[in-house]
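# Structure at a glance
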Amino acid sequence: MEIPKRYDPKAIEDKWYAQWLKQKFFRSTPDHRKPYTIVIPPPNITGVLHMGHMLNNTIQDVLIRKARLQGYNACWVPGTDHASIATEAKVVAMLREKGIKKSDLSREEFMNHAWEWKRKYGGIILEQLKKLGASVDWERVHFTMDDGYCKAVIRVFVDLYRKGHIYRGLRMINWDCEAQTALSNEEVVYAEEGEKSFLYHVKYRLRDTEDYLIIATQRPETIMGDTAVAVNPHDERYSHLIGKTVLVPMINRPVPVIADNYVEKEFGTGCLKVTPAHDQNDYEIGLRHNLPVIDTLNPDGTLNEKCEIAEYIGKDRFEVRQLVVERLRAENLLVKEEEFITRIGRSERTNSVVEPRLSMQWFIRMKEISQRALQAVEMDEVRLHPEKFKNTYRHWMENVRDWCISRQLWWGHRIPAWYDEQGNVYVAETYDEALQLFKEKVHGSQSAVLSIKKLSTEHAALNTLKQDEDVLDTWASSWLWPIAVFDGFNDKSFDKRKGKVIKAANAELNYYYPTTILVTAPEILFFWVARMIIAGYEYLDEKPFSHVYLHGIVRDKQRRKMSKSLGNSPEPLELIEKYGADGVRIGMLFSSPAGNDLLFDEKLCEQGRNFCNKIWNAMRLVKSWKIQEGKNDANQAAILWFESRLSQVIRQLENSYADYRISEALLILYNLIWDDFCSWYLEMIKPQRQETRSLDLGTYEKTIEFFGKLLQLAHPFLPFITEEIWHLLKERSEKDCITVSRYPEGKTPDEGLLKKAEAVKEIITRIRDIRGQANINPNEPLPLYVLSNDRNGYELFRQTIMKLASLKSIEFVTAEIKGAKTFLVGADTFFLQTPVSVNVEEERKRLAKEIDYIKGFIRSVNAKLNNERFVKSAPPAVVEKEKQKLLDSEAKLKALEESLTRLN
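Just so it is clear, the model here is predicted, and its values are computed rather than measured.

### Observations concerning the overall build of the chain
Within the chain one finds 28 helices and 35 strands. For the chain, the C-alpha atoms occupy an extent of roughly 110 × 70 × 50 Å along the three principal directions. Counting every position in the chain, which comprises 904 residues, the buried fraction comes to 55%. Within the structure as shown, the chain displays about 41300 Å² of accessible surface, and the carbon and sulfur contribution to it stands at 48%.

Given below as structure tokens:
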């Protein structure tokens, strides 16, 4: 067939993805093979593909494709998250455009609209992943609000409640005024560089005197909720005022001056306004001193009537802040304003400034169920890559706080708790089970024989049993993901009495769990990763995955996090359209070492596309050669060298994969293909008579074999182009795809041969450099003389050197050749006879400069070897390599000094 001159990704990507799906290459069912399982971090149904998704899913696809090639039963489970806050906001906005208010709808009506929105937009991102080449098992798509998944979430809530791990209480929580819902501590985010704010110094007058205290506050709009002023009991400046009364500015409410050790004498003015309803620490001070709680804020962030100032009621908190500052200034109560940079908590979902709020919510007692998950990471049962995140994980787990899991929304898993008219709570999986609990409470155990119908006539309260209006935090469903996607909480698998999942009762769970690796970003290490580990040990006494690969954040060249608001985030699908999926995948991975941020530059995708073109052109070159029977012994050196080099790289790749250094693995492979194969091997074997382009059959078959193995090594990174070339190299059936071929295994590399080959490449390069510097025709045959104690070492590569360096002869000598261009490779001296005479003075300067460089290099190697810490901590192979470098450099220095002496 005729091979196109240019590689066109558009022509092949859709074709091969459709073929892979048709052949069900990504489908996985339990069998005799060892499983390699990845569960996708489920993207929100509100989401579309962004650069973070691109990086995350490319890494997963590299790992799953390699496992498939290695003979594992590779299972990559896809799915999406219902994303309560984000999705409800989208649905409310959609309804607003139609002139419908959420408040005008019943819960059922709103949910119908939400499901309609989900059906229309919820699967967009999964379809986009196909463009990237994601080899997920599309028959396993899960959604966190599927019926089976919902049942699992509710079942776990009930179980944890019965175990005493879940409770309901009035607590200070984080409140999102825009979404009007509670947030967990982990859903509050802070700008890395902080945010600009002001510190207002305000006078609080002492009652019945003209004296006053000065109190600094960042939130003057909360002054109307003050119920005390606190000072440190050991602060001599204020000790005489403890027990006195001050007047709250503007409203003149009398409040006490109290003493509390929480107040820092050195911070601010040493006086603290105490607003128990609007600050966590103030709330705790209020509990210690039995202070009243005055909540002046409505759920939407506007002020209510408790602020006592009519003109502020119904106005937004930040508008009121400015009004308060103006009034304080007018009443001569504002001493000064200071601008400063501080940490301001914002909602991770809406970016709204978070308000502390006293609220009745549901919580999980995290300390009690977290210990096993902490030990798992400490003992490397679950390994974090890179390991530096163990310290971060440990700090969070040792200081874990109770998790607020209720959200004031409609879209999500409704909390399975029902209340009677007296406020008693009944937690159960279903309404009927809640009725049974109510029945037992009202009538005692004897009532179990009574029917629900009879009870309903005897107790009208039964008809008023109401379900909790709130839904669960999204993370309180996705923490079950590795178990629930394999239906681990179904009726057969879940033992309600013990509160455990019986793995042996579920064939899929038994086969695929624990999964192999989780690939995610460090910012959800606690949101999701830690909680999945907790759930794994709580319900299966087993880890959910063996490894966690934490990749960095995608940033622009200025190190800014990519976001649409900054306008610095390219559209992934547009990049794929421009550079091809393979080019973009390579571009993403070129500079993304585990745990470190990726500084993305579109030029990386261009480099990825160029790499694809290089491979394509190499294939076209090989396929252009005519084949003749026989075997050319002159090509044996190239074949032996590349076979050994290929084996060496396969080992290097395995080491990189084992430590999840994916970017490093790509660079190793890139150099093997671009430099060793394309720039050297193909040049070594290329027919010298271009007009005939004839290559012997033995060399051609070996080259096709090498090319095939290179494609297999590259396939996890470049799935589309490798599949296309796989079928162009030789005729194959539609099922004989590289996607399901066998990953190559390397033999033991010949280290001596590899070292000699590197010397040969340096010899050829030096000769080409000399030709270029002297403007000598690159094809003019020149004689080369070699001064070496190892004459036999060059025999294998004699023909290769003569061919690639355009030499007419290679002769070994015992003395220097006068007037020739001289250079050293290792301990050997080479003399190239050229038509241009040697400038002795220039040659002397060159040798002296090279001697200085080698001496400096020797000093740096000696410094390493004399460093006890390096010698003890570095792998033995690395230390031996440094010792060999020292020996080679010392031999080269000796030869250089001898050459300089002879020249002198």
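### Regarding the packing of helix H2 (residues 51-69) against helix H18 (residues 581-589)
Two numbers describe how H2 lies on H18: the axes approach to 10 Å, and their chain directions differ by 100 degrees. Taken together, the axis directions place H2 and H18 in an arrangement best described as roughly perpendicular. Contacts from Met51, Met54, Leu55, Thr58, Ile59, Asp61, Val62 and Arg65 of H2 reach H18 at Val584, Arg585, Met588 and Leu589.

### A word on the nonpolar core
Of all hydrophobic cores here, the largest spans 196 residues; its most connected members are Leu63, Tyr393, Trp479, Ile533, Tyr681, Phe707 and Phe717. A total of 15 residues in this core trace back to one element, the largest contributor, which is helix H21 (residues 662-685). The contacts of Tyr681, once residues within four sequence positions are left out, are Ala638, Ile639, Trp641, Phe642, Asp676, Thr699, Thr703 and Phe706. With 30 residues, the next largest nonpolar core counts Ile215, Val255, Val257 and Leu328 among its residues.

### Section: unusual backbone geometry
What you tend to see is this: most non-glycine residues have negative phi, and most peptide bonds are trans. For the peptide bond that leads from His385 to Pro386, omega is 0 degrees, which places it in the cis range. Considering the arrangement of structural elements, one finds Pro386 in the loop between strand S17 (383-385) and helix H10 (389-398). With an omega of 5 degrees, the peptide bond between Tyr513 and Pro514 qualifies as cis. Inspection of the secondary structure assignment puts Pro514 in the loop between helix H15 (507-512) and strand S26 (515-520). Not every positive phi belongs to a glycine, and Ala83 is a case in point at roughly 50 degrees. In this fold, Ala83 is placed in the loop between strand S3 (79-80) and helix H3 (84-97). If you check the backbone angles, Asp487 has positive phi at about 55 degrees while not being a glycine.

### Observations concerning the sheet that holds S26
The sheet built from three strands is open, its strands ordered S17-S27-S26 with parallel pairing. With one partner strand each, in any of the chains shown, S17 and S26 form the two edges of the open sheet. Sheet twist, expressed as the average angle between the axes of neighbouring strands with direction ignored, equals 20 degrees. Where S26 meets strand S27 (residues 545-550), five bridges bridge the pair, whose relative direction is parallel. By the bridge assignment, Val519 is partnered in S27 with Tyr549.

### Description of helix H20 (residues 636-658)
Taking 1.5 Å per residue as the helical rise, H20 with its 23 residues ought to reach 33 Å, and the 33 Å between its terminal C-alpha atoms agrees with that figure. With its phi angle positive at about 55 degrees, Tyr660 sits one or two positions after the end of H20.

### Some remarks on the side chain of Lys756
Positionally, Lys756 belongs in helix H24 (residues 751-773). Judged by its relative accessible area of 17%, Lys756 falls in the buried class. A distance of 3.5 Å separates polar atoms of two side chains, one belonging to Lys756 and the other to Asp790.

### Some thoughts on the pattern of salt bridges
Side chains carrying opposite charge are able to pair once their charged atoms draw close together. In the structure shown here, the tally under the stated rule is 62 salt bridges. Among the salt bridges present, the one from Asp295 reaches Arg357, with a minimum N-O distance of 3.8 Å. Of this pair, Asp295 sits in the loop between helix H7 (280-289) and helix H8 (317-330) while Arg357 sits in strand S16 (residues 355-364), and the two are 62 residues apart along the sequence. Considered together, Asp295 and Arg357 belong to a single accessibility category, that of buried residues.

### Things to note about empty space enclosed by the protein
As enumerated under the stated definition, the model contains seven cavities of 30 Å³ or more in all. Forming the boundary of the largest cavity are Val153, Val156, Phe157, Leu160, Ile166, Ile364, Ile405, Leu472, Ala476 and Trp479. It is helix H6 (residues 147-162) that contributes the most residues to the lining of the largest cavity, four residues altogether.

### As for a nonpolar patch on the surface
Taken together, the side chains of Val48, Tyr121 and Ile124 present a nonpolar region at the surface, about 200 Å² in accessible area. The topology assignment puts Ile124 in helix H5 (residues 124-132).

### Comments concerning the environment of Ile553
Relative to the helices and strands, Ile553 resides in the loop between S27 and strand S28 (554-555). The class for Ile553 is buried, based on a relative accessible area of 18%. Not counting residues up to four positions away in its chain, the partners in contact with Ile553 are Glu523, Lys561, Asp597 and Leu598.

### Describing the sheet that holds strand S5 (residues 166-176)
Read across the open sheet, the four strands follow the order S6-S5-S16-S18; overall the sheet is antiparallel. Strands with a single pairing partner mark the edges of an open sheet, and in this sheet they are strand S6 (181-183) and strand S18 (403-404). Sheet topology places S5 next to S6; three bridges connect them, and they run antiparallel. For Asp176, the partnering residue across the bridge sits in S6 and is Thr181.

### Points about the pairing of S5
Judged by how many residues are buried, S5 sits mostly within the fold: eight of eleven residues are covered. Sheet topology note: the S5/S16 ladder contains ten bridges and is antiparallel. Bridging across to S16, Trp175 finds its partner in Glu355. Between the antiparallel neighbours S5 and S6 lie four residues, among them Gln180 with a positive phi of about 55 degrees.

### What about the packing of aromatic side chains?
By the definition in use, this model includes 41 aromatic pairs. Geometrically, the ring pair formed by Trp117 and Tyr121 is tilted, given 5.2 Å between the ring centres and 40 degrees between the ring planes. Taken as a pair, Trp117 and Tyr121 lie in helix H4 (residues 107-121) at a separation of four residues, close to a single helical turn. Accessibility expressed as a relative area gives 32% for Tyr121, which makes it partly exposed. Centroid distance Tyr549 to Tyr660: 6.3 Å. Interplanar angle 70 degrees. Geometry classified as edge-to-face. Placement of Tyr549 in strand S27 and of Tyr660 in the loop between H20 and H21 is noted, with a sequence separation of 111 residues between them. Grouping residues by exposure puts Tyr549 and Tyr660 together as buried. In this structure an aromatic cluster arises from ring pairing among Trp641, Phe642, Phe677, Tyr681, Phe706 and Phe707. Positioned over the ring face of Tyr657 is Lys66, at 4.5 Å from the centre of the ring. The ring centre of Tyr743 lies 5.1 Å from the NZ or CZ of Lys66, which sits over that ring.

What counts and what doesn't
Sequence order as written defines the numbering, with residues in each chain counted from 1. Only residues with pLDDT of 70 or above have their local features reported here, since the model is predicted, and side-chain atom pairs are shown and tallied only from 80 upward, although totals for entire chains, interfaces and linings are computed over all residues. Remark: hydrogens and water are excluded; side-chain values derive from all non-hydrogen atoms of the structure. Helix and strand assignments follow DSSP, with helices taken as H or I runs no shorter than four residues and strands as E runs no shorter than two, numbered in order from the N terminus. Each residue is assigned to one of three classes by its accessible area relative to the maximum for its type, calculated with a 1.4 Å probe on protein chains only: buried under 20%, partly exposed between the two thresholds, exposed over 50%. Methods summary: accessible areas were calculated by the Shrake-Rupley approach with a probe of 1.4 Å, and residue burial reflects only the protein chains presented. Each axis is a line fitted through C-alpha atoms, taken for helices only over the stretch in contact, and angles between the N-to-C directions span 0 to 180 degrees. Any angle that is under 35 degrees is reported as roughly parallel, and any over 145 degrees as roughly antiparallel; angles of 65 to 115 degrees are reported as roughly perpendicular and all others as oblique. For this analysis, residues touch if any pair of their heavy atoms sits within 4.5 Å. Here, nonpolar core refers to any group of buried Ala, Val, Leu, Ile, Met, Phe, Trp, Tyr and Cys residues whose side-chain atoms link them within 4.5 Å. Pairing between strands requires that DSSP locate at least two bridges from one strand to the other. To estimate the expected span of a helix, count its residues, drop one, and scale the result by 1.5 Å. Polar contacts, as used here, are pairs of N or O atoms within 3.5 Å; protein pairs need one atom able to donate a hydrogen and one able to accept it. Residues neighboring in sequence count only if both atoms are side-chain atoms. Salt bridge, as used here: a side-chain nitrogen of Lys or Arg that lies within 4 Å of a carboxyl oxygen of Asp or Glu. Only protein atoms enter the 1 Å grid, on which a cavity is a set of points fitting a 1.4 Å probe that cannot get out and a pocket is an open set with protein on both sides within 12 Å along at least 5 of 7 lines, lining residues being those with an atom within 4 Å of a point. Grid points are joined across faces, edges and corners, and a volume is the space filled by probe spheres set on the points. Each patch is built from residues that are more than 30% exposed by relative accessible area and take part in no salt bridge. Like charges join if they lie within 9 Å; nonpolar side chains (Val, Leu, Ile, Met, Phe, Trp, Tyr) join within 5 Å. Geometry of aromatic contacts follows a simple scheme: Phe, Tyr and Trp rings, the Trp one being its six-membered ring, pair when their centres are within 6.5 Å, and the pair is stacked under 30 degrees between planes, edge-to-face over 60, tilted otherwise. Either the NZ atom of lysine or the CZ atom of arginine qualifies as a charge over a ring when it sits within 6 Å of the ring centre and within 35 degrees of the ring normal.

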